[in-house]
2 protein chains.
Amino acid sequence: MKVVQKYGGTSVGSPERMRAIAKRAARQFSEGLVHNAIVVSAMAGETNRLVDLVRQVNPSASPRAYDMAVAAGEQVSVGLVSAALESEGLRALPLLGHQLGIVTNDAHSRARIQSIRRDVIENAWRNGMIPVVAGFQGVTADNAITTLGRGGSDTSAVALAVALEADLCEINTDVDGVYSADPRVVKAARHIPKMDYESALEMASLGSKVLHPRCVELAAKYRMPLVVRNSFDAEEARRTWIMPLTTEEALESPVVTGVSTTKAVARITVEGFDPNTTILKDLFQRIAEADTNVDVIVHDRHPRGHLQSVGFTVPTEDLEKTLAAIRSIQSSPGCANLQVSQETGLAKVSAVGVGMRSHSGVAGRFFGVLEGAEVPVLMITTSEIKISCIVPEASADRAAQVLHDEFL
Amino acid sequence: MKVVQKYGGTSVGSPERMRAIAKRAARQFSEGLVHNAIVVSAMAGETNRLVDLVRQVNPSASPRAYDMAVAAGEQVSVGLVSAALESEGLRALPLLGHQLGIVTNDAHSRARIQSIRRDVIENAWRNGMIPVVAGFQGVTADNAITTLGRGGSDTSAVALAVALEADLCEINTDVDGVYSADPRVVKAARHIPKMDYESALEMASLGSKVLHPRCVELAAKYRMPLVVRNSFDAEEARRTWIMPLTTEEALESPVVTGVSTTKAVARITVEGFDPNTTILKDLFQRIAEADTNVDVIVHDRHPRGHLQSVGFTVPTEDLEKTLAAIRSIQSSPGCANLQVSQETGLAKVSAVGVGMRSHSGVAGRFFGVLEGAEVPVLMITTSEIKISCIVPEASADRAAQVLHDEFL
């Protein structure tokens, strides 16, 4: 069996945690798991420390300099986890991005992996070594150091698993899997033992912090089984599998798999543009250039001849740069009367589940429940397997609670 | 003019210090110094922090895993100093060991540089960029990360200066140069504005912590001028030049350039071996394998037929492993009656100066002064330009004081 095991920041957070990883690897090695590659994050808090240092030195440092400083955190983990494996009598091969040929594009600080040298890992295995790989980092074709953006180590692990045609990619973190809602908010939240990629992707995108959406996307694309487990737990403890469901499993899944909440959302409304202009394209292009992730977009075209409007949400922390991007096009033709307004203190509450596809009436129940709980709904957006609404942040937890009570 | 500027741990110890480096580089760049390469150490304390982490995880980590973790400190400095240069409107090219093709042998954690890709720096210069290079690290021909050992960043800087045929290599540190004695011990210690490589090498080897001996050795081999300056000082502040002296300068040098003290020295005496065995070779070979730096060796061959003895010193911290190495050969033929004794709490006090070569009577004055100050001398060793003696650690400062009074 070929397995890629990724250990996140808290799972490598101290010498003790690293020794625990090594003990587990030694046990698994003695049980015959000799085709194992370990991918590590920076020790908990280390990446934030490095990012803070960069900001203190130069808040507008080039992404290349930024990546250089920030990628060092994973390197430390690679050396230390290798040393830990050695203390268990295992042979470790420490590998940085460039040593494993993790080539990315040159979009520094949010680079995309283009290729990985599978032979480096396979040679290590042939020599009885366990490769220990730095997550989060790569190199461009010109050998400049890049990083993959937040959550990048998960993506590194899945990309490596895909390159190796591994049997599974294990994500070791400090929670034992994905829940039907945030257990801190919804007391009755249930552990989900198995889910399909689409639900996992929607849950990830919606703020369940367990997995990064890009990692799930990549796993889904190559049908790579993911398993999320708590590295602080015993081997037999529960975990969440993310993989294709059998038809039977899919039919048995609940209509709604989980309820997810994202806070610190801001809404922007742009009104008064001519329907015949390219304003919508220009607007979102400019916002994308400002590196803002626009989330919900609601645009209901008014009858011909009327001026149009569009509403959308962004993370509150991106509000200022988004507004600046919008101002930059107010001088374009047809934008003279553009009116921009904004509102902060909002949240997004969503219900996700592949079961929705085959069940009608979910939307009705969804809005009925919120109405009954007197939660004002400001925006609505839906996909095949998701219903989301924007509500005041103060009502978000209550909304999540009543939706969970209704569906789960 | 081509200049390599190395900044040590305290000189990159904080965001403020990095911005100070950038301001200096900007000023120099505007004044026409466009062929400048900056070599950086890890931020003060960082390497120790990483070494401690490795020891906590596995006290006997492989040098390869150790190097991987420990080399990360310089990478952070490279990213941050590059960011600092950018904030001054300069273009920086951050470079790790492998990116600059700093190829070393595979003696991990004390690797020797074999080659450097000069073209990488020259391309950067052609594009108006200032290269910022990670000191202390390199890669083997197989692309494994290596480190050069303590003080390695100085060596990186000199090696780069040599590869570039630079006009000089500047060592920026937290002292303004080399002194005739440790100013904390000898009040009258004088700043040395200019000295030759041999004196600098003896002073470096003897514990004046300003420069690493390997860096001076390399500079001497290629006649690369070194200048030691305090990065906390103004540009016009004094500094020490280390370079070939003119005949006139050499004649004018004092007989003794400096007095140097090394503490925490232990002496080992091995007695009772047959003069016809290979015991001396075996002994020091075994000790070298234990990675101990033997310093003073005194062996006065007794008349034929007598059993022999040898005395030597090691840093106190290496005493245990040295004794273990000696014990490992006590079962060899002719070693049955080997007697080993040791003494700690010693120090080495030395007087150094090229002037000694042409002045007789230095030794006489040296021992006369120590006798007058009632400093017991336990061992003596001399070279062409140096006289050293082993004394009780408690008398070391007094010995340095009276020798300085006598010669300087």
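First, a word on scope: everything that follows refers to the structure included in this document. (Residues numbered from 1 in each chain as written. Chains lettered and ligands numbered in written order. Predicted model: local features only at pLDDT ≥ 70, side-chain atom pairs only at ≥ 80, totals over all residues. Heavy atoms only, no water.)

Here's the deal with the sheet that holds strand β1 (residues 2–7) of chain A
Residues and elements named next belong to chain A. To keep it simple, the criterion reads: The rule for pairing is simple: two strands pair if DSSP sees at least two bridges between them. Where helices and strands are cited, they refer to DSSP runs of H or I of at least four residues and of E of at least two residues respectively, numbered from the N terminus.
With mixed pairing, the 8 strands of this open sheet are ordered in space as β3-β6-β2-β1-β9-β13-β14-β12. Sheet topology places β3 (91–95) and β12 (194–195) at the edges, where each strand pairs with a single neighbour. As defined by bridge partners, strand β2 (residues 35–40) adjoins strand β6 (residues 129–134) across 3 bridges and the pair is classed as parallel. Looking at the pairing, Val39 lines up with Val133 of β6.

Side note on the interface of chain A and chain B
Test applied: Should any heavy atoms of two residues lie within 4.5 Å, those residues are counted as being in contact. Throughout, the accessible surface (probe 1.4 Å) given up by two parts as they are put together, summed over both, is called the buried area. Any pair of nitrogen or oxygen atoms within 3.5 Å is treated as a polar contact; in protein, a donor-acceptor pairing is required on top of that, and neighbouring residues in sequence qualify only through side-chain atoms on both sides. Residues are grouped as follows: nonpolar covers Ala, Val, Leu, Ile, Met, Phe, Trp, Tyr, Cys and Pro; charged covers Asp, Glu, Lys and Arg; every other residue, Gly included, is treated as polar.
Taken together, the contact between chain A and chain B spans 39 residues of the former and 39 residues of the latter. Summed over both partners, the interface of chain A with chain B buries about 3200 Å², with 64% contributed by carbon and sulfur atoms. Where chain A packs against chain B, one counts 13 residue pairs in polar contact (both at pLDDT 80 or more). Looking at the side of chain A that touches chain B, the element that brings in the most residues is helix α4 (residues 72–87) of chain A, giving 11 residues. Of the residues belonging to the side of chain A that touches chain B, the class tally is 24 nonpolar, 10 polar and 5 charged.

Quick notes on the packing of aromatic side chains
Each aromatic ring pair is characterised by the separation of its centres together with the angle its planes make. The following threshold applies: A pair of Phe, Tyr and Trp rings is counted when the ring centres sit within 6.5 Å of each other, with Trp represented by its six-membered ring. The angle between the planes then sorts it: under 30 degrees is stacked, over 60 is edge-to-face, the rest tilted. Exposure categories follow from relative accessible area, calculated using a 1.4 Å probe and restricted to protein chains: below 20% of the type maximum is buried, above 50% is exposed, and the middle band is partly exposed. Definition used: whenever NZ (Lys) or CZ (Arg) falls within 6 Å of the ring centre and also within 35 degrees of the ring normal, the charge is taken to sit over that ring.
Across all of its chains, the model carries 4 aromatic pairs over all chains by this definition. Plain terms: the ring middles of A:Phe366 and A:Phe367 are 5.3 Å apart, the flat faces sit at 75° to each other, and that makes the pair edge-to-face. In this structure A:Phe367 comes out as partly exposed when scored by relative accessible area, which is 25%. Seen in terms of ring centroids, B:Phe284 and B:Phe312 are 5.1 Å apart; in terms of plane orientation they differ by 70°. Their pairing is edge-to-face. Taken together, the residues span a long stretch of sequence, with B:Phe284 in helix α10 (residues 279–289) and B:Phe312 in strand β17 (residues 308–315) at a distance of 28 residues. Neither residue differs from the other here; B:Phe284 and B:Phe312 are each classed as buried. The ring of A:Phe232 has A:Arg17 lying over it, and the distance from NZ or CZ to the ring centre is 3.8 Å.

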